[in-house]
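# Inside the fold
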Amino acid sequence: QDTLVGKYGEGAKLIYELQDQGGELLALRYDLTVPFARYLAMNKITKMKRYHVAKVYRRDNPATTRGRYREFYQCDFDIAGQFDPMIPDAECLKIVHEILSDLQLGDFVIKVNDRRILNGVFAVCGVPESKFIPACCTVDKLDKVPWEEVRSEMVGEKGLSPEAADRIGEYVQLHGGLELIERLLQDPKLSQNKVAKEGLGDMKLLFEYLTLFGITGKISFDLSLARGLDYYTGVIFEAVLLQQENEHVEEAVSVGSVAGGGRYDGLVGMFDAKGRKVPCVGVSIGIERIFSILEQRLEASGEKLRTTETQVLVVTPQKHLLAARMKLISELWDAGIKAEMLYKKDPKLLKQLQYCEDTGIPLAAIVGEQELADGVVKLRDVATRKEVRM
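Residues numbered from 1 in each chain as written. Predicted model: local features only at pLDDT ≥ 70, side-chain atom pairs only at ≥ 80, totals over all residues. Heavy atoms only, no water.

### A word on the packing of helix α7 (residues 178-186) against helix α8 (residues 194-213)
Where α7 meets α8, the closest approach of the two axes is 10 Å, and the angle between their N-to-C directions is 155°. It follows from the interaxial angle that α7 and α8 lie roughly antiparallel. Of the two elements, α7 crosses α8, and the hand of that crossing is left-handed. Every residue of α8 that contacts α7 at Leu178, Ile181, Glu182, Leu184 and Leu185 is listed here: Lys197, Leu200, Gly201, Met203, Lys204 and Phe207. Taken together, the residues of the contact of α7 with α8 break down into seven nonpolar, one polar and three charged. (Axes fitted to C-alpha atoms, helices over the stretch in contact; angles between N-to-C directions. Helix = DSSP H or I, 4+ residues; strand = E, 2+ residues; numbered from the N terminus. Parallel < 35°, antiparallel > 145°, perpendicular 65-115°, else oblique. Left-handed = near helix turned anticlockwise from the far one by under 90°. Contact = heavy atoms within 4.5 Å. Nonpolar A, V, L, I, M, F, W, Y, C, P; charged D, E, K, R; others polar.)

Below is the structure:
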């Protein structure tokens, strides 16, 4: 449990804790990033590139229609190691862009920000450092609720002064590209803040690299992006699917964020006995979220999806031929052919052929009494109903 606690900010309340297990306090993993950092520290690894697809657990309120579950798959990839600024970060964004383009999920935007810019904004707006993380968690809600609500939470719940909240509002509602970065670098207040200036310098570099990768069209530098997790130290990003405008659909389902990530340079050090740091940057793709969109899309198109890769169904037209089916299917399996048969001693011929139609199995291998006598198999093309004896 102590591996997970204190890494997630407000997300901590969604950690799936287990009761005392024989004297151990345990919890199910909340993401794949914290376990990865622990792994690097335990094995004294200072450089690594890897991807990982696995289940994680959150005691959230499920919304299954939107692909939000308590047990779900994430696909993460991370680059760990000491490298020159923003080169691995740019590659991570390039990969997200590639994945979302290849999956053809429709239009998307990848929002990018930097924790240092955000902390700089809070500092120049007069927020005490102890309130940076709570303020971050509140700003992070801007994609779901209007600024008025975010402002009242800052003042009412997080104890910020109304003046500070208004000043923050002037910044966090900005978004753009290189021109906005240049403008903020000239900003009289922000450019005086060392942390923010570093963040903006790196952001400028990142955008230069993203231009070389040819993907800036889908990338937005967005000051409202905060990502509620504690462990981010630098660049942060989130990929959001954009609503398809469609006159046939009353309300297209908004799935929202399908990928997120960022730089977490301090996390590995938290698990290392000597506090040795390993800088890391990575991304998490929400597999279930993406599946729910693809499923809805498939349903809307009325297309039929083949859920099996079976190439041939072994069929017998008369009774008492289970042995023939089992012998033949065994031969096919041994030859590496994907074959199935119905788990019935004497299935009706029509039932077996219907099963091929329903599941999209392209071929039926028929062995009846006549075929056995002649030492042949009748191969039937299910779609065209053509048959050949082999």
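### Quick word on a nonpolar patch on the surface
On the surface, Tyr51, Val53 and Tyr73 cluster together into a nonpolar patch covering about 340 Å² of accessible area. Residue position: Val53 is located in strand β1 (residues 48-57). Of the residues examined, Val53 reaches a relative accessible area of 44% and is grouped as partly exposed. (Patch = residues over 30% accessible without salt bridge, like charges linked within 9 Å, V, L, I, M, F, W, Y side chains within 5 Å. Areas by Shrake-Rupley, 256 points an atom, 1.4 Å probe, with all protein chains shown as cover. Salt bridge = Lys/Arg side-chain N within 4 Å of Asp/Glu carboxyl O. Buried < 20%, exposed > 50% of the residue type's maximum accessible area, 1.4 Å probe, protein only.)

### Observations concerning helix α1 (residues 33-42)
Counting buried positions along α1 yields seven of 10 residues, so the element is predominantly enclosed. When we look at burial in α1, the residues that qualify are Thr33, Val34, Pro35, Phe36, Ala37, Leu40 and Ala41. Where the residues of α1 are buried, they touch β1, β2 (71-80), α9 (267-271) and β8 (280-286). Just past α1, the residue Lys44 takes up positive phi, approximately 50°.

### Let's talk about the pairing of strand β12 (residues 378-381)
Here strand β11 (residues 363-366) runs beside β12; their pairing, made up of four bridges, is antiparallel. Of the residues in β12, the one forming a bridge with Ala364 is Arg380. In the sheet, β12 pairs with strand β13 (residues 387-389) via three bridges, with the strands oriented antiparallel. The residue of β13 that forms the bridge with Lys378 is Arg389. In sequence, β12 turns back onto β13 through a hairpin of five residues, with Arg385 there showing a positive phi of about 65°. (Pairing = 2+ DSSP bridges.)

### Structural notes on the packing of aromatic side chains
By the definition in use, this model includes five aromatic pairs. Ring centres 6.0 Å apart and planes at 70° place the aromatic pair Tyr8 and Tyr231 in the edge-to-face group. A residue pair is termed long-range when its members are at least 10 positions apart, and Tyr8 in the segment before α1 and Tyr231 in the loop between β5 (219-222) and β6 (235-241) qualify at 223 residues. Taking relative accessible area as the criterion, Tyr8 reaches 0% and is therefore assigned buried. Between Phe122 and Phe132, the ring centres sit 5.8 Å apart and the planes meet at 45°, which makes this aromatic pair tilted. Of this pair, Phe122 sits in helix α3 (residues 115-124) while Phe132 sits in helix α4 (residues 132-139), and the two are 10 residues apart along the sequence. Given the relative accessible area of 12%, Phe132 is considered buried. The aromatic ring of Tyr16 is capped on one face by Arg59, whose charged end is 5.7 Å from the ring centroid. Residue placement shows Lys218 over the ring face of Phe108; its charged tip is 5.3 Å from the ring centre. (Phe/Tyr/Trp six-rings, centres within 6.5 Å; stacked < 30°, edge-to-face > 60°. Lys NZ or Arg CZ within 6 Å of the ring centre and 35° of its normal.)

### As for the sheet that holds β6
Read from one edge of the open sheet, eight strands run β1-β2-β8-β7-β6-β3-β5-β4, paired in mixed fashion. Every other strand in the sheet has two partners, leaving β1 and β4 (175-176) as the edge strands with one partner each. The pairing of strand β3 (residues 108-114) with β5 spans three bridges and is classified as parallel. In the sheet register, Ile110 faces β5, and the bridge partner there is Ile219. Where α8 meets the sheet, it contacts β3, β5 and β6, and its direction lies at approximately 170° from that of β5.

### Notes on the domain arrangement of the protein chain
Annotation of the protein chain at the domain level lists domain 1 (9-127 + 172-301) and domain 2 (312-389). Using C-alpha coordinates to define each centre, domain 1 is positioned 51 Å away from domain 2. (Domains from an automatic or database assignment.)

### Considerations on the side chain of Arg116
In this structure, Arg116 sits in helix α3. A distance of 2.9 Å separates a polar atom in the side chain of Arg116 from a polar atom in the side chain of Asp202. If we ignore the near neighbours within four places in the chain, the residues touching Arg116 are Val195, Ala196, Glu198, Gly199, Asp202, Thr233 and Gly234. (Polar contact = N/O pair within 3.5 Å; in protein donor to acceptor, adjacent residues only side chain to side chain.)

### A look at the pairing of β11
Bridging between strand β9 (residues 312-315) and β11 involves four bridges; their strand directions are parallel. Opposite Val314, over in β11, you have Ala365 as the bridge partner.

### Comments concerning the UniProt feature "binding site: L-histidine" (unreviewed entry) in the protein chain
When the UniProt feature table is mapped onto this chain numbering, "binding site: L-histidine" (unreviewed entry) sits at Asp31, Leu32, Thr33, Arg58, Gln74, Asp78, Arg227, Tyr231 and Tyr232. By the secondary structure assignment, Asp78 is in strand β2. The class of Asp78 is buried, set by a relative accessible area of 2%. If we skip the residues at most four places from it in the chain, Asp78 touches Phe36, Met48, Lys49, Arg50, Tyr264, Val281, Gly282 and Val283. Reaching out from Asp78, the side chain makes a polar contact with the side chain of Arg50 at a distance of 2.6 Å. On the secondary structure map, Tyr232 appears in the loop between β5 and β6. Contact partners of Tyr232, with chain neighbours within four places excluded, come to Arg115, Arg227, Gly261, Gly262, Arg263 and Tyr264. (UniProt positions renumbered as here; feature names shortened; annotations may be inferred.)

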